[in-house]
Amino acid sequence: TFEYVTGGDPNPGDDLRPYKISQPKPFQFIVQGRHNAPQYKGEDGDILDFNIAALGSGSSLRMFSLSRIHGALGDAGQNFKSLSFLLKNTQFPISTDFTIVHGCGKAI
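Residues numbered from 1 in each chain as written. Predicted model: local features only at pLDDT ≥ 70, side-chain atom pairs only at ≥ 80, totals over all residues. Heavy atoms only, no water.

Things to note about the overall build of the protein chain
- Within the protein chain, the regular secondary structure consists of 1 helix and 4 strands.
- Expressed as lengths along the three principal axes of its C-alpha atoms, the size of the protein chain is roughly 40 × 35 × 25 Å.
- For the protein chain, long-range pairs separated by at least 24 residues make up 38% of all intrachain contacts whose partners lie at least 6 apart in sequence.
- Within the structure as shown, the protein chain displays about 8200 Å² of accessible surface, and the carbon and sulfur contribution to it stands at 58%.
- Across the protein chain, the mean location of the 10 positive side-chain charges is 7 Å away from that of the 10 negative side-chain charges. (Helix = DSSP H or I, 4+ residues; strand = E, 2+ residues; numbered from the N terminus. Contact = heavy atoms within 4.5 Å. Areas by Shrake-Rupley, 256 points an atom, 1.4 Å probe, with all protein chains shown as cover. Lys, Arg positive; Asp, Glu negative; His and termini not counted. Charge placed at Lys NZ, Arg CZ, Asp CG, Glu CD.)

This is the structure in structure tokens:
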């Protein structure tokens, strides 16, 4: 399952537009979530980070997933699969022009 994670206490919020960030990119939103699996949930669930930046007349979405347990090398690419699942099931139009920067799914 997937769940939204707040920014803590105090919660800084996800909308960055009031801060007018322009470098290194015009970031507008930052969101964090968690992917829970039967054996690894809550504090042990994978952390999902997303940031959205303005890009011309559209937006750029950066996604990152971090395993919260050591030894996740044997998880058969679960971080990549979680992000791929979210991309494929979004209600927003997503370009197929994306780049894998690090980790599973990147050609070696």
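Examining unusual backbone geometry
- A cis amide bond links aspartate 9 to the next residue, proline 10, at an omega of 5 degrees.
- Mapping proline 10 onto the fold places it in the loop between β1 (2–5) and β2 (27–35).
- Geometrically, the link from glutamine 23 to proline 24 is a cis peptide bond, its omega value of 0 degrees lying close to zero.
- Within the fold, proline 24 resides in the loop between β1 and β2.
- Although it is not a glycine, lysine 20 adopts a positive phi angle of roughly 50 degrees.

Here's the deal with the pairing of β2
- For β1 and β2, the ladder comprises 4 bridges, and the chain directions are antiparallel. From the neighbouring strand, valine 5 faces β2, where its bridge partner is glutamine 32. (Pairing = 2+ DSSP bridges.)

A word on the sheet that holds β1
- Strand order across the open sheet formed by 4 strands is β1-β2-β3-β4, with antiparallel pairing between neighbours. Strand pairing shows two members of the sheet lacking a second neighbour, β1 and β4 (58–66), which therefore form its edges. Averaged over all pairs of adjacent strands, the angle between strand axes in this sheet comes to 30 degrees, irrespective of strand direction.
- Relative to β4, strand β3 (residues 46–55) runs antiparallel, the two sharing 9 bridges. Bridged to isoleucine 52 within β4 is leucine 61.
- The sheet contacts of helix α1 (residues 78–88) involve β1, β2, β3 and β4, and relative to β4 the element is tilted by about 150 degrees. (Axes fitted to C-alpha atoms, helices over the stretch in contact; angles between N-to-C directions.)

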